[in-house]
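Chains, contacts and geometry: an overview
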Amino acid sequence: MRLLPWESKTKLKAAMEIKPPPPPVGYRFSLKGSPRHYDDVKAIIEAEGGSKVYFGEALAYERGAGVALWRIRATNFDWLPALYAWWAEIERVEPIQFTFHLYLPDNPKYPVLNLREHSPNDVADYIATRAPWDGKRPAASRSQSSG
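Residues numbered from 1 in each chain as written. Predicted model: local features only at pLDDT ≥ 70, side-chain atom pairs only at ≥ 80, totals over all residues. Heavy atoms only, no water.

What follows is about helix 4 (residues 120-130). Three or more residues of helix 4 are buried, namely P120, V123, A124, Y126, I127 and A128. Lining the buried residues of helix 4 we find strand 1 (26-33), helix 3 (79-93), strand 4 (101-103) and strand 5 (113-114). (Buried < 20%, exposed > 50% of the residue type's maximum accessible area, 1.4 Å probe, protein only. Helix = DSSP H or I, 4+ residues; strand = E, 2+ residues; numbered from the N terminus. Contact = heavy atoms within 4.5 Å.)

Written as C-alpha cells, this is what we have:
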C-alpha cells in the first residue's frame, strides 16, 4: 500500500505536466496615452473579457515626453465606447485634457490615429481592417456594440 503521493509515478507525471497556454488570438495594436490613467484604462480594456493588455508600461518616454503604453490583443471592441465615456468624464472632472494615439505593429514609432478625432466605431473599423490578426479567426470576425 502506497502512503505518499509521489510514490505513484503516473500521478506524479500528471501532476508535473506543464501545459502550454493557448495560442494568442485577436487583433494586435497599441495605444499610448497619459501615464496618470494607466490602471484605469487597462481595467476598461480588460473588463469585457474579449481584449487583453499583453504588455503595458505605466511610464515610458517617447521623444522626451512621458506616456503610458498598452499593447493590446482584442477579439472585439466592446470596450471602446466605455473608454470614450470614461475619458469624457475624466476630462469633465479634471482640468487637464489628454488624448490616446493608436499604433499598429508594423510602425510603432508613428501613430495612425488620434482617438480624439474619431468615434469609437471609426476606431474599431480602422483596427478591424488594418491591424494584424493572430491565431485562427472565428466565424464572426468582429463583434461590436452599437454606440
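This is not the end of the story, as more comes after the structure.
Quick look at unusual backbone geometry now. One non-glycine residue, R63, lies in positive phi territory at about 50°. Tracing the chain through its elements places R63 in the loop between strand 2 (51-62) and strand 3 (65-74).

Applying the stated criterion to the full structure yields 11 aromatic pairs. Residues W87 and F100 carry aromatic rings whose centres are separated by 5.0 Å and whose planes lie at 85° to one another, so their mutual orientation is edge-to-face. One end of the pair, W87, is in helix 3; the other, F100, is in the loop between helix 3 and strand 4, and 13 residues separate them in sequence. Accessibility expressed as a relative area gives 0% for F100, which makes it buried. Members of the aromatic cluster, connected to one another through ring pairs, are Y38, W70, Y84, W86, W87, F98 and F100. (Phe/Tyr/Trp six-rings, centres within 6.5 Å; stacked < 30°, edge-to-face > 60°.)

With that settled, consider the packing of helix 2 (residues 38-47) against helix 3. It is the contact of helix 2 with helix 3, at a shortest axis distance of 8 Å, that shows an interaxial angle of 150°. Judged by the angle between their axes, helix 2 and helix 3 are roughly antiparallel. Our pair here, helix 2 against helix 3, has a crossing hand that is right-handed. Along the contact surface, helix 2 presents D40, V41, I44 and I45, while helix 3 presents W79, A82, L83 and W86. (Axes fitted to C-alpha atoms, helices over the stretch in contact; angles between N-to-C directions. Parallel < 35°, antiparallel > 145°, perpendicular 65-115°, else oblique. Left-handed = near helix turned anticlockwise from the far one by under 90°.)

The next thing to look at is the nonpolar core. One finds F29, W70 and L83 to be the most contacted residues of the largest nonpolar core, which totals 33 residues. Only strand 1, helix 2, strand 3, helix 3 and helix 4 provide two or more residues apiece to this core. With seven residues, the single largest contributor to this core is helix 3. (Core = buried A, V, L, I, M, F, W, Y, C linked by side-chain atoms within 4.5 Å.)

Another aspect to go through is the side chain of S34. Examined against the element boundaries, S34 turns out to sit in the loop between strand 1 and helix 2. What makes S34 buried here is its relative accessible area of 16%.

This structure, assessed with the given rule, holds eight salt bridges. Measuring nitrogen to oxygen at the nearest pair gives 3.7 Å for the salt bridge that ties E46 to K52. On the basis of relative accessibility, which here comes to 26%, the residue E46 falls in the partly exposed class. A salt bridge links D134 to R73, with the nearest nitrogen and oxygen atoms 3.2 Å apart. One end of the pair, D134, is in strand 6 (residues 133-134); the other, R73, is in strand 3, and 61 residues separate them in sequence. A single burial state applies to D134 and to R73, both of which are buried. Each member of the salt-bridge network shares a partner with another, and the members are R28, R73 and D134. (Salt bridge = Lys/Arg side-chain N within 4 Å of Asp/Glu carboxyl O.)

Where helix 3 meets helix 4, the closest approach of the two axes is 9 Å, and the angle between their N-to-C directions is 140°. The orientation of helix 3 relative to helix 4 falls into the category oblique. The element helix 3 and its partner helix 4 pack so that their crossing is right-handed. On helix 4, the residues touching L80, P81 and Y84 of helix 3 are P120, V123 and A124. For the contact of helix 3 with helix 4, the class distribution of residues is six nonpolar, no polar and no charged. (Nonpolar A, V, L, I, M, F, W, Y, C, P; charged D, E, K, R; others polar.)

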